[in-house]
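# A closer look at the structure
Given next are the chains, with one letter for each unit.
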Amino acid sequence: METLTSRGRAARLAVTAVGLAVLLAGTAWGTDDHFPFGPFRMYSTSNPPDSPAPDTRVEGVDSTGAVVDLAEGATGIRRAEIEGQQSRYAADPALLAEVADAYADRHPDAAELVEVRIVIRWHGIRDGRPTGGWTDETVVAWQAVR
């Protein structure tokens, strides 16, 4: 085994110091978008034991009136991408047309989507345990122009 030179040791220490400084700064002032140098808050927080648990989904309504699940397999768009951009969709529901287009690309023979919506299912929780009850809340909806 060769001995590490003073210059090599100094370079490793400098890189380590910079990495630690970025990690510390990200922890103090970063957001989830700065991961791995920022905090990943998803796993560092929890809801109160009697607060409902959200389950976000995207669904569409086709021209026949049938409700279509627009999960990743149907559109190629991950649920996390929808949840992460939910405020953008709320500000401009027309952006949900991209979800309809992605569905049409993957299902060319399917009936056309006339509505796409983001729905949160709030599962009831009491004392930290599921109650079995739930309510749905449509938070964003886009309708195709006919």
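Below or above, wherever it landed, is the structure these notes cover. Computed from a predicted model, the values in this text were never measured in an experiment. Numbering of residues starts from 1 in every chain and runs along the sequence as written. In keeping with the predicted nature of the model, local features appear solely for residues at pLDDT of at least 70, side-chain atom pairs appear and are counted solely at 80 or more, and the whole-chain, interface and lining totals rest on all residues. With hydrogens and water stripped out, all remaining heavy atoms of the structure feed into the side-chain values.

## So, the pattern of salt bridges
- For this document, the term salt bridge refers to a Lys or Arg side-chain nitrogen within 4 Å of an Asp or Glu carboxyl oxygen. In this structure the tally under the stated criterion is eight salt bridges.
- Between Arg 57 and Asp 136 there is a salt bridge, and its shortest N-O distance comes to 3.1 Å. Taken together, the residues Arg 57 in strand 1 (residues 53–62) and Asp 136 in strand 4 (residues 129–143) connect sequence positions 79 residues apart.
- We note a salt bridge from Arg 79 to Glu 83, for which the minimum N-O separation is 3.7 Å. On the criterion of helical spacing, the pair formed by Arg 79 and Glu 83 is a turn pair, its members being four residues apart in helix 3 (residues 79–84).
- Residue class for Arg 79 comes out partly exposed when judged on its relative accessible area of 45%. Each helix is a run of H or I in the DSSP string that is no shorter than four residues. Each strand is a run of E no shorter than two, and both are numbered from the N terminus. The cut-offs for exposure are 20% and 50% of the maximum accessible area for each residue type, with area from a 1.4 Å probe on protein chains only; residues under the lower value are buried, those over the upper are exposed, and the others partly exposed.

## A look at the nonpolar core
- To define a nonpolar core, start from buried Ala, Val, Leu, Ile, Met, Phe, Trp, Tyr and Cys residues and group those joined through side-chain atoms within 4.5 Å. Core analysis: the biggest nonpolar cluster contains 18 residues, and Leu 70, Leu 96, Val 99 and Val 116 have the highest contact counts within it.
- Those elements giving two or more residues to this core turn out to be helix 5 (97–106), strand 3 (113–126) and strand 4.
- By residue number, the principal contributor to this core is helix 5, which donates four residues.
- In contact with Leu 96, other than residues within four places in its own chain, are Tyr 89, Val 116, Arg 117, Ile 118, Val 140, Ala 141 and Trp 142. Whether two residues are in contact is decided by their heavy atoms, any of which lying within 4.5 Å being enough.

## Re the environment of Ala 74
- Tracing the chain through its elements places Ala 74 in helix 2 (residues 72–75).
- The buried category is assigned to Ala 74, whose relative accessible area is 13%.
- Remark: the alpha-carbon pair of Ala 74 and Ala 102, spanning 28 residues in sequence, is separated by 8.1 Å.
- Apart from residues lying up to four places away in sequence, Ala 74 is in contact with Asp 69, Ala 102, Tyr 103, Arg 106 and His 107.

## Focus: helix 5
- Here helix 5 has its buried residues at Val 99, Ala 100, Ala 102 and Tyr 103. All buried residues of helix 5 lie within an arc of 160° about the axis, which places them on one face of the element.
- Buried residues in helix 5 make contact with strand 1, strand 2 (67–69), helix 2, helix 3, strand 3 and strand 4. Within this analysis, the arc is defined by the directions that extend from the helix axis to the C-beta atoms.

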